Amino acid sequence: MHFSTADIIGLYRQAAHRIHSGERVTHLAHAWQCGRLAEKSGASLELQLASWLHDIGHLWSHPSAPPTGPAVKGHAALGSRLLEPLFGLAVSEPVRLHVLAKRYLVTTRASYARKLSPQSLKSLTHQGGHLSEDECVDFESQAFFAEAIQLRIWDDLGQKDGWFEITIQDALDQLEGLMQSVAALCVT
């Protein structure tokens, strides 16, 4: 499977008006909001890009319809496989781990689940629910554990209806520029 930055731009252009998995924002607005939250927090360029692209697996496997059931769980692994050859582990691993981070936070922070949207709570069931103690310990030992937790928090916060301060084309241009910057880091 050949996957390129042009494919990514095309997927987000196609999903620019499609609502993100039952939430109140479009896929592009959600991606942009997560990326902006990462940028405003001073995250590395790689983590900013992972924040933008964490749901790329949804768009690749279901380009015109919202995913359901097992696809909700598998989108993180698929997204990671698509992104690693282009941008390396610093982008692909937080993407791979962001669903596990949700499960970890629900397990370890009682107040976390109360802050999730109804759609996110519903998808939690398909994603495996709470982690066991051993699964928590294993997750904490992952190289990109902290980045995955941060991405997850931005993922939850990036659902604000009406917070899309630029045009679709300007957002796609920002994404393309960020991808070029991260790709250049991978080469050096």
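So, here's what we can say about the structure.

The rules behind these values
- Residues numbered from 1 in each chain as written.
- Predicted model: local features only at pLDDT ≥ 70, side-chain atom pairs only at ≥ 80, totals over all residues.
- Heavy atoms only, no water.
- Patch = residues over 30% accessible without salt bridge, like charges linked within 9 Å, V, L, I, M, F, W, Y side chains within 5 Å.
- Areas by Shrake-Rupley, 256 points an atom, 1.4 Å probe, with all protein chains shown as cover.
- Salt bridge = Lys/Arg side-chain N within 4 Å of Asp/Glu carboxyl O.
- Lys, Arg positive; Asp, Glu negative; His and termini not counted.
- Charge placed at Lys NZ, Arg CZ, Asp CG, Glu CD.
- Helix = DSSP H or I, 4+ residues; strand = E, 2+ residues; numbered from the N terminus.
- Buried < 20%, exposed > 50% of the residue type's maximum accessible area, 1.4 Å probe, protein only.
- Bend = angle between axes of the 7 residues up to and from the residue.
- Axes fitted to C-alpha atoms, helices over the stretch in contact; angles between N-to-C directions.
- Parallel < 35°, antiparallel > 145°, perpendicular 65-115°, else oblique.
- Left-handed = near helix turned anticlockwise from the far one by under 90°.
- Contact = heavy atoms within 4.5 Å.
- Nonpolar A, V, L, I, M, F, W, Y, C, P; charged D, E, K, R; others polar.
- Core = buried A, V, L, I, M, F, W, Y, C linked by side-chain atoms within 4.5 Å.
- Phe/Tyr/Trp six-rings, centres within 6.5 Å; stacked < 30°, edge-to-face > 60°.

**So, a negative patch on the surface**
Side chains of Glu133, Asp134, Glu135 and Asp138 sit close together on the surface and give a patch of like negative charge. Along the chain, the position of aspartate 138 falls in helix H9 (residues 133–140). Assessed through its relative accessible area of 45%, aspartate 138 is described here as partly exposed.

**What about helix H6 (residues 89–108)?**
The sharpest bend along H6 comes to roughly 45°, located at histidine 98. Most of H6 sits inside the fold, with 14 of its 20 residues counted as buried.

**Quick look at the packing of helix H3 (residues 45–53) against helix H10 (residues 145–157)**
Where H3 meets H10, the closest approach of the two axes is 10 Å, and the angle between their N-to-C directions is 45°. It follows that H3 is oblique to H10 by the angle criterion. As for the relative orientation of H3 and H10, their crossing is right-handed in sense. For the pair formed by H3 and H10, the contact residues are Leu47, Ala50 and Ser51 on the first element and Glu147, Leu151 and Trp154 on the second. The class makeup of the residues in the contact of H3 with H10 is four nonpolar, one polar and one charged.

**Some words on the nonpolar core**
In summary, soluble globular proteins display a tendency toward joint burial of nonpolar side chains. If you look at the biggest cluster of nonpolar residues, it comprises 35 residues, and the most contacted ones within it are Ile8, Tyr12, Leu49, Trp52 and Leu53. Of all the secondary-structure elements, those providing two or more residues to this core are helix H1 (5–14), helix H2 (27–40), H3, helix H4 (56–61), helix H5 (70–87), H6, H10 and helix H11 (168–187). Here the element with the most residues in this core is H11; it accounts for six residues. Look past the residues within four positions of leucine 53 in its chain and what remains in contact with it is Ile8, Tyr12, Leu83, Phe87, Val95, Leu175 and Met179.

**Looking at the packing of aromatic side chains**
Counted under the stated rule, the structure contains four aromatic pairs. Between phenylalanine 3 and tryptophan 60, the ring centres sit 4.8 Å apart and the planes meet at 85°, which makes this aromatic pair edge-to-face. Within this pair, whereas phenylalanine 3 is found in the segment before H1, its partner tryptophan 60 is found in helix H4, the two being separated by 57 residues in sequence. Phenylalanine 3 gets classed as buried once you look at its relative accessible area, which sits at 7%.

**Quick notes on the side chain of serine 80**
With respect to the secondary-structure elements, serine 80 resides in helix H5. Among the residues examined, serine 80 registers a relative accessible area of 4% and is labelled buried. Ignoring anything within four residues of it in the chain, the contact list for serine 80 reads Ser92, Glu93, Val95 and Arg96.

**As for the environment of lysine 122**
As for its position among the elements, lysine 122 is in helix H8 (residues 118–127). With 83 residues separating them in the primary sequence, lysine 122 and glutamate 39 have C-alpha atoms 29 Å apart.

**Observations regarding the pattern of salt bridges**
A full pass over the atoms with the stated rule returns four salt bridges. Between arginine 96 and glutamate 93 there is a salt bridge whose closest N-O contact spans 2.6 Å. Of this pair, arginine 96 and glutamate 93 both sit in helix H6, three residues apart, which is roughly one turn of the helix. By relative accessible area, which is 13% here, glutamate 93 ends up buried. A salt bridge links aspartate 156 to arginine 152; its shortest N-O distance comes to 3.0 Å. One end of the pair, aspartate 156, and the other, arginine 152, are both in helix H10, four residues apart, so they sit about a helical turn from each other. Overall, aspartate 156 belongs to the partly exposed group, its relative accessible area being 22%. Connected through salt bridges with shared partners, the residues Arg152, Asp155 and Asp156 form a single ionic network.

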